[in-house]
Amino acid sequence: MTAPTLTIDVVSDVMCPWCYIGKKRLEAALDDIGSEMEVEVRWRPYQLDPTLPKEGKDRTQYLEDKFGGPEGAIKAYASVRAAGAEENIPFAFEKIPVSPNTLDAHRLIRWASSLGLAAQHQMVDVLFKAYFEDGKNIGDNAVLIEAARQVGLETEVVERLLSGDADLDTVTGEIEQARQMGVTGVPCFIIDMQYAVVGAQPAEALADAMRKVAAEKARQATDETASDIN
């Protein structure tokens, strides 16, 4: 019997710590699924704050403005640190000087898919680590070009593309499409374009959702086969 196939479109922003946590939980869910089904993961763009300038904003001030002062920012991130520790993510928020505009990072993730979805997944991982563990500004072209090198993209090509507006309309269009679909928070895992899991849910919940969608697909296929026979 052929294993069922699913697609998962992950709507995510690389400046979102819960998206990094969600990525780890998705990977654990896929490990749990194993050979039960074939799963194709595609990363889709989202911007939590599209108003940020290209150079970004001072992160400390940005978070204090967002959460109503330093105590609010510390409180808001306490649960993030705890969840990150559970997933073995060494968040180093104190290293991050700038809250970045992530539009160019999303363009880079899109370009990485030209090398295959595995390369796109790797690019997402490289960018998450660069920002949350190394404190790099992932809105900075030099940081993005280095990420491109790590994944195997031609750095001269990426440098040229970043200096222009290649795929800018496409990426912003995908972000707007996600909003029109009702995505207001990330991560959002859209399974087979019909079932959405919102938030960095536990790996067990993601695996369960995948199994439910796969079972429904199998049921529909069986019904169609029976209908053809009749």
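The structure under discussion appears in the preceding block.
This structure is a prediction, so every number in the text was calculated from the model and none was measured.

Rules of the game
Residues numbered from 1 in each chain as written. Predicted model: local features only at pLDDT ≥ 70, side-chain atom pairs only at ≥ 80, totals over all residues. Heavy atoms only, no water. Helix = DSSP H or I, 4+ residues; strand = E, 2+ residues; numbered from the N terminus. Contact = heavy atoms within 4.5 Å. Pairing = 2+ DSSP bridges. Axes fitted to C-alpha atoms, helices over the stretch in contact; angles between N-to-C directions. Disulfide = S-S within 2.5 Å. Buried < 20%, exposed > 50% of the residue type's maximum accessible area, 1.4 Å probe, protein only. Core = buried A, V, L, I, M, F, W, Y, C linked by side-chain atoms within 4.5 Å. Expected span 1.5 Å × (residues − 1). Arc of directions from axis to C-beta. Right-handed = clockwise from strand over helix to strand, strands pointing away.

**Some remarks on the environment of Gly 199**
Checked against the element boundaries, Gly 199 lands in the loop between β6 (195-198) and α9 (203-229). The spacing of Gly 199 and Ile 8 is 191 residues in sequence and 14 Å in space, taken between C-alpha atoms. Beyond its immediate stretch of four places on either side in the chain, Gly 199 contacts Pro 187 and Phe 189.

**Focus on the sheet that holds strand β5 (residues 188-191)**
Taken together, four strands build an open sheet; the order of strands is β2-β1-β5-β6 and the sheet is mixed. Unpaired on one side and paired on the other, β2 (38-45) and β6 mark the two borders of the sheet. Neighbour-to-neighbour, the strand axes of the sheet open up by a mean angle of 20°, direction not taken into account. Strands β1 (5-12), β2 and β5 of the sheet are contacted by helix α1 (residues 17-33), whose axis makes an angle of about 170° with β2.

**Side note on the state of the cysteines**
The full count for this structure, using the stated rule, is zero disulfides. Counting only cysteine sulfurs, Cys 19 is the nearest neighbor of Cys 16, a cysteine outside any disulfide, at a range of 3.1 Å. Look at Cys 16 and you get buried, because its relative accessible area is 4%.

**A few points about the nonpolar core**
Across soluble globular proteins, nonpolar side chains show a tendency to be buried alongside one another. Residues Leu 108, Met 123, Leu 127 and Met 210 are the most contacted members of the largest nonpolar core, which totals 68 residues. Counting residues per element, this core draws most heavily on helix α5 (residues 117-132), at nine residues. Dropping the residues within four chain positions of it, Met 123 is found in contact with Leu 108, Ile 109, Ala 112, Ala 147, Ala 148, Val 151 and Leu 153.

**Comments concerning helix α8 (residues 168-180)**
An ideal rise of 1.5 Å per residue puts 18 Å on 13 residues; α8 measures up with 18 Å between its terminal C-alpha atoms. For α8, every residue scored as buried is listed here: Val 171, Glu 174, Ile 175 and Ala 178. Angularly, the buried residues of α8 cover 100° about the axis, an arc narrow enough to put them on a single face. In this structure, α8 carries Asp 169 and Gln 180 as exposed residues pointing more than 90 degrees from its buried face.

**Here we look at the pairing of β2**
Summarising the sheet, β1 and β2 pair through eight bridges and their orientation is parallel. Within the sheet, the bridge partner assigned to Val 11 lies in β2 and is Arg 44. Handedness of the β1-α1-β2 crossover: right-handed.

Purely spatial values, then, with no claim about function.
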